[in-house]
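A structural walkthrough
Chain by chain, the residues:
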Amino acid sequence: MLAVLPPCGPRDNRRVGGSALFTLPALRRARDLMDRDYALPLDLDAMARTAGYSKYHFARGFAAAYGETPAAYLTRRRVERAKSLLRTANLTVTEVCFLVGFESLGSFSSRFRRMVGISPSEYRASAKSAGGPLPIPGCFVMMWTRPHVGDRKPEEAVRAMAGFESEGDRRTR
């Protein structure tokens, strides 16, 4: 059984044997890691380790399966998340930059402008002028995205701060 992968660079007719059936779930695990932990400093070695491949084999397989390199996919996911935060949260551009996993404001701004066409500040201003939901206070976003320690989940903490009881609180009475 042969599967034809989408074109990937100069060699357009790549064929893979039955191993493609085993490769795709491994690549999905790495893609899920990037979707879940986009804000963490992920490198090619960590992604390849999740998929169970060498970093070179992983990079080639990922590009063949998804049409972009792992680094390009991770950057796109980070910019998508930044766009969402810029539209809906009351955070500075710098706070958004670090929340989504970029390590410098300059690289964030240049990549954002290259992918979106306008700067993060211009994007926020255009989203604000277009209307839409009120921005979420930055303190709630920071609390929601912070890893929680203990038995209370972030949504339970928000409900407790707002004065609502949680299921666990009702059961203990």
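Residues numbered from 1 in each chain as written. Predicted model: local features only at pLDDT ≥ 70, side-chain atom pairs only at ≥ 80, totals over all residues. Heavy atoms only, no water.

Our focus in this paragraph is the packing of aromatic side chains. As enumerated under the stated definition, the model contains six aromatic pairs in all. Centroid distance F108 to F112: 5.7 Å. Interplanar angle 55°. Geometry classified as tilted. With F108 and F112 both in helix α6 (residues 105-116) and four residues apart, this pair spans about one turn of that helix. For the pair F108 and F112, a shared accessibility class is recorded, and that class is buried. Centre to centre, the rings of F112 and Y123 are 5.7 Å apart; their planes meet at 75°, and the pair counts as edge-to-face. Remark: Y123 occurs in helix α7 (residues 120-129) and F112 occurs in helix α6; sequence separation between them is 11 residues. (Phe/Tyr/Trp six-rings, centres within 6.5 Å; stacked < 30°, edge-to-face > 60°. Helix = DSSP H or I, 4+ residues; strand = E, 2+ residues; numbered from the N terminus. Buried < 20%, exposed > 50% of the residue type's maximum accessible area, 1.4 Å probe, protein only.)

What follows deals with the packing of α6 against α7. Interaxial distance between α6 and α7 falls to 9 Å at its minimum, and their mutual angle equals 55°. Between α6 and α7, the angle is such that the two are oblique. Residues F108, S109, F112, R113 and V116 of α6 form the contact with α7, whose own contacting residues are P120, E122 and Y123. In terms of residue class, the contact of α6 with α7 is built from five nonpolar, one polar and two charged. (Axes fitted to C-alpha atoms, helices over the stretch in contact; angles between N-to-C directions. Parallel < 35°, antiparallel > 145°, perpendicular 65-115°, else oblique. Contact = heavy atoms within 4.5 Å. Nonpolar A, V, L, I, M, F, W, Y, C, P; charged D, E, K, R; others polar.)

Enumeration over the complete set of coordinates arrives at six salt bridges. Residue R76 is joined to E80 by a salt bridge in which the shortest nitrogen-to-oxygen separation is 2.9 Å. One end of the pair is R76 and the other is E80, both in helix α4 (residues 70-88) and four residues apart, which spans about a single turn. For R76, a relative accessible area of 28% gives the class partly exposed. For E80, a relative accessible area of 32% puts it in the partly exposed group. Put simply, R77 and E80 hold a salt bridge, and the shortest N to O gap is 2.7 Å. Here R77 pairs with E80, and both are found in helix α4, just three residues apart, close to one helical turn. Each of D35, E68, R76, R77 and E80 takes part in one network of salt bridges that share partners. (Salt bridge = Lys/Arg side-chain N within 4 Å of Asp/Glu carboxyl O.)

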